[in-house]
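Take a look at the letters that make up each chain.
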Amino acid sequence: MKVKAPESFTYRGGNRAVLLLHGFTGSTGDMKKLGKYLHDRDYTCHGPLYRGHGLPAEELVQTSPKQWWEDVENAYQYLKDEGYEEIAVIGISLGGVFSLKVGIELPVTGVVSMCAPTIGNDVDRLNNRMLSYAQAYKKFEGKDAEQVAAEMDKLKEEPMSSLQEALDMINDTADKLDLITSPTLVLQGSLDDPDYRNSASIIYNEVDTQHKSLIWYEKSGHIITLGKEREQVYEDVYRFLNTLPW
């Protein structure tokens, strides 16, 4: 079965624009419901799909964090070119790292970081996530167990230099958090892995702005935009955006 790849999305609303950034091995599906929620409240929302994502893992491993970051920059520029002068950025997981990186390098009205890591030292974790994604994708394609196993064995032999590049980007961003002066909201699931939970406090403490908040979700894990408390997440993001100096 051929799987329909996810796509970038744009929901046109008012003059206030929001850039929505998904995570590693994720897709725009992680951010669409939040985007629709904000669009219903008159925000323009744009969510780019990074190169290689939403595709078989064999294609994903041929791309790099540098290319994914270029996709983020291009998405930001797209909103600028469309005439949006005021842009806030929201990201989850690696997309949360990208949202912080946008806050460091580009003019933004506000930054929302959700379940973003600041500790980039575990290649094995990223490798396992890649392999889990690959296996799930192959099963979704309708391949039998023997074919999945054979393809997984071959994939495990592929060099995955992009994983170390991703960790380097995480570490570099974490080192520059004090350069973020825009209003910042940090959201974190309490059931997420300890490294992510610790990272939330680090981000909150390091950003150099008085306009910042840290909110925990007691019943949520990593992808809080799709979890049990997603409606509360959407409401909290919306409330934060309404406090910004648009």
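A brief report on the enclosed structure follows. (Residues numbered from 1 in each chain as written. Predicted model: local features only at pLDDT ≥ 70, side-chain atom pairs only at ≥ 80, totals over all residues. Heavy atoms only, no water.)

**Remarks on the pattern of salt bridges**
Part 1 of the reasoning: Across all of its chains, the model carries 13 salt bridges by this definition.
Part 2 of the reasoning: In this structure, E235 and R239 form a salt bridge, with 2.8 Å as the shortest nitrogen-oxygen distance. Of the two residues, E235 and R239 are both situated in helix α9 (residues 230-242); the distance of four residues between them amounts to about one turn of the helix.
Part 3 of the reasoning: Look at E235 and you get partly exposed, because its relative accessible area is 33%.
Part 4 of the reasoning: Since its relative accessible area comes to 44%, R239 is described here as partly exposed.
Part 5 of the reasoning: Several salt bridges share partner residues, and in doing so they unite E58, K138, E141, K143 and E151 into one network. (Salt bridge = Lys/Arg side-chain N within 4 Å of Asp/Glu carboxyl O. Helix = DSSP H or I, 4+ residues; strand = E, 2+ residues; numbered from the N terminus. Buried < 20%, exposed > 50% of the residue type's maximum accessible area, 1.4 Å probe, protein only.)

**Considering the pairing of strand β6 (residues 184-189)**
Part 1 of the reasoning: Counting buried positions over the six residues of β6 gives six, a clear majority of the element.
Part 2 of the reasoning: Where burial is concerned, the two faces of β6 agree: the one with T184, V186 and Q188 and the one with L185, L187 and G189 are both buried.
Part 3 of the reasoning: Sheet topology places strand β5 (residues 110-114) next to β6; four bridges connect them, and they run parallel. In the sheet register, V112 faces β6, and the bridge partner there is L185.
Part 4 of the reasoning: With six bridges joining them, β6 and strand β7 (residues 212-217) adopt parallel strand pairing. When the bridges of β7 are listed, Q188 appears paired with W216. (Pairing = 2+ DSSP bridges.)

**Some remarks on the packing of aromatic side chains**
To describe a pair of aromatic rings, one takes the distance between the centres and the angle between the planes.
Part 1 of the reasoning: Scanning the entire structure with this criterion turns up nine aromatic pairs.
Part 2 of the reasoning: Summarising the aromatic geometry, the rings of Y37 and Y238 are spaced 6.3 Å apart at their centres and angled 80° between planes, so their arrangement reads as edge-to-face. Within this pair, whereas Y37 is found in helix α1 (residues 29-39), its partner Y238 is found in helix α9, the two being separated by 201 residues in sequence.
Part 3 of the reasoning: Accessibility expressed as a relative area gives 14% for Y37, which makes it buried.
Part 4 of the reasoning: Consider the rings of Y133 and Y137, whose centres lie 6.0 Å apart with planes at 50°: the pair is tilted. With Y133 and Y137 both in helix α5 (residues 123-140), this residue pair falls four residues apart, about one helical turn.
Part 5 of the reasoning: An aromatic cluster is present here, built from Y37, Y43, Y234, Y238 and W246 joined pairwise through their rings.
Part 6 of the reasoning: When the ring centre of Y238 is taken as reference, the NZ or CZ atom of R41 above it lies at 5.8 Å.
Part 7 of the reasoning: Here K212 stacks its cationic end above the ring of Y204, 4.8 Å away from the centre of that ring. (Phe/Tyr/Trp six-rings, centres within 6.5 Å; stacked < 30°, edge-to-face > 60°. Lys NZ or Arg CZ within 6 Å of the ring centre and 35° of its normal.)

**What about the environment of P65?**
Part 1 of the reasoning: Within the secondary structure, P65 is located in helix α3 (residues 65-81).
Part 2 of the reasoning: In sequence terms P65 and L94 are 29 residues apart; their C-alpha atoms lie 9.8 Å from each other.
Part 3 of the reasoning: P65 has contacts with F98, S162, E165, A166 and M169, leaving out every residue within four places of it along the chain. (Contact = heavy atoms within 4.5 Å.)

Geometric values such as these leave the question of function open.
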